[in-house]
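# Residue-level structure breakdown
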Amino acid sequence: MPRLKSSAPLEKQAEFAKPLKVGFVSLGCPKNLVDSEVMMGMLAQSGAELTPSAHEADVIVVNTCSFIETAQRESIETILEMARHKSNGRTRKLVVAGCLVERFRDEIRKNFPEVDAVVGTGELERILPAVGLKQREPLDSPFRILGSRAEGDARAAKGRFSRESWDGAISDLPNYLYDETTPRILTTPGYTAYVKIAEGCDHPCSFCIIPQLRGKFRSRRFESVVAEAERLACGGVREITLIGQDTTCYGEDLGLQDGLALLLEKLAGIEGLRWIRFLYAYPNKITSRLLETIASHHKICSYIDVPLQHASPSVLKRMARGGGSGIFLRSLEKMRRAIPGVTLRTSFVVGFPGETEKEFEELCEFVREAQFDWLGTFAYSDQKGAGAFALPGKLSAREIESRRKHLMQIQRRISKKKKKALVGREFDLLLLGPSEESELLLEGRTSMHAPEIDGKVFINDVPEGLDPTPGEFYRCQITDAYDYDLVAKII
Ligand code: SF4
């Protein structure tokens, strides 16, 4: 428990004899959420009490996202909103953490006097002194002395990770990785957890600044991931979702070949786990071995999330990604052949600089042919420091939005057809609890639904005498379908 030094006034000592109450706001993606959970774990281990109420917090931490402009805006609005608790409430300190710090460290300090401390993505342990607690000894860790990928080294030599053009960012790249010994507090329901298996990214995508924000690709040790998954399973977690900027590169820096497949195989042997999935596959990293592994273990969800970003070869070339509709269609066909019934998810960037109507139509045509189960879209967002920033042919926000909506309309029709085809079929369902839409309904997910991102399954019929429990699995039959959501009865 934190105590004031004895020289402090008595009333202050009394105040500080209570645990420091810390409120946490986590923005952005599940990768950022895991960072928040790790920081919360460190705080709790050091005696702080976590509170969900900003009104009660002595310190508020905002873990920010800086992926695209809208995310930056949301981060800044949240910082300003939380700063009001310093002037109107009991909050004494405001700490800003995460990607926005990596991007605008000095600017935050200069322009937001309400912010007392900043913590970058590579210095999570600094959350302790930032809130006023004693910093843990830095982990003298063999876990951090990792190898690197030749591709990443080559890109580093060409300046891929340089932040020189970013005013206010420090030049040091993050290299932090948590491990199985790092305290962590899950904020997801007790039956499900994300496990970050790698951090950073070595890819050259010209619209993306994640490599500069998060550093070079680095994998957690194989045994560390397995140990964490075992501990989670012992604690009641039934579903784990492996995340990283690119999970399909897992282990390459550790000298592993088909590292993700090996890891999945090992995790599939953990008693207690029921569903294991991974997100964010890089298209040309999905190997036959990986597909065989998914197909041959019932605990590994037949679900592949492969963000393709575009389908026109000329746009993909400008994105520095490569590929195109022909090669992608063959690759999707291979996945469907190897894993019958596989659920395929992707996402696209719409309105990339210079995207002509013809190139956009190529993307639409590809979406019609590919028949994805789930599809997300991002409106292109200009990022200083990203390769695409200097490209000519920027489209207006209005044009980008109109294209994005058009693409989603195409997908809506595909999704509706695919969901209707599921009516009458039976699936295992993870019950989440009462529905937010109506108190008369329950909500759940099948293995076709990743946490938070895919549609919902509403349950409107339960056998008499059954009292369904959130976090338990039930057999269900799909009875109706909408554009994205399903209706089911427990059988
Ligand atoms: S693979 Fe993903 S995270 Fe990495 S540079 Fe490309 S878009 Fe960014």
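Read on for a plain summary of the structure. (Residues numbered from 1 in each chain as written. Predicted model: local features only at pLDDT ≥ 70, side-chain atom pairs only at ≥ 80, totals over all residues. Heavy atoms only, no water.)

The subject of this paragraph is helix 4 (residues 99–111). Between the first and last C-alpha of helix 4 there are 17 Å, a value that for 13 residues agrees with the 18 Å anticipated at 1.5 Å per step. Along its length, helix 4 reaches its greatest deviation from straightness, about 85°, at Arg105. Three or more residues of helix 4 are buried, namely Cys99, Leu100, Val101, Glu102, Arg103, Arg105 and Ile108. Buried residues in helix 4 make contact with strand 3 (59–64), helix 3 (69–88), strand 4 (93–98), strand 5 (117–119) and helix 7 (210–214). (Helix = DSSP H or I, 4+ residues; strand = E, 2+ residues; numbered from the N terminus. Expected span 1.5 Å × (residues − 1). Bend = angle between axes of the 7 residues up to and from the residue. Buried < 20%, exposed > 50% of the residue type's maximum accessible area, 1.4 Å probe, protein only. Contact = heavy atoms within 4.5 Å.)

Here we come to the sheet that holds strand 15 (residues 442–445). Here we have 5 strands rolled up into a closed barrel, ordered 14-15-16-18-17, and mixed in their pairing. Put simply, the sheet's adjacent strands are angled 55° from each other on average, direction ignored. As defined by bridge partners, strand 16 (residues 457–461) adjoins strand 18 (residues 486–490) across 4 bridges and the pair is classed as parallel. Across the sheet, Val457 pairs through a bridge with Leu486, a residue of strand 18. (Pairing = 2+ DSSP bridges. Axes fitted to C-alpha atoms, helices over the stretch in contact; angles between N-to-C directions.)

Using the criterion set out here, one finds 8 aromatic pairs in the structure. Relative to Phe366, the ring of Phe348 has its centre 6.2 Å away and its plane inclined at 85°; by these criteria the two rings are edge-to-face. Linking Phe348 in strand 12 (residues 343–350) with Phe366 in helix 13 (residues 357–370), this pair joins segments that are 18 residues apart in sequence. Residues Phe348 and Phe366 agree in their burial class; the two are buried. The residue whose ring lies beneath Lys31 is Tyr280, and the NZ or CZ to ring-centre distance is 4.2 Å. (Phe/Tyr/Trp six-rings, centres within 6.5 Å; stacked < 30°, edge-to-face > 60°. Lys NZ or Arg CZ within 6 Å of the ring centre and 35° of its normal.)

Moving on, we get to unusual backbone geometry. One non-glycine residue, Asp258, adopts positive backbone phi at about 55°. For Asp258, a relative accessible area of 24% puts it in the partly exposed group. Of note in the backbone geometry, Tyr280 takes a positive phi value of approximately 65° without being a glycine. Classification of Tyr280 by relative accessible area gives buried; the value is 17%.

Functional significance is not addressed by these values, which are geometric in nature.
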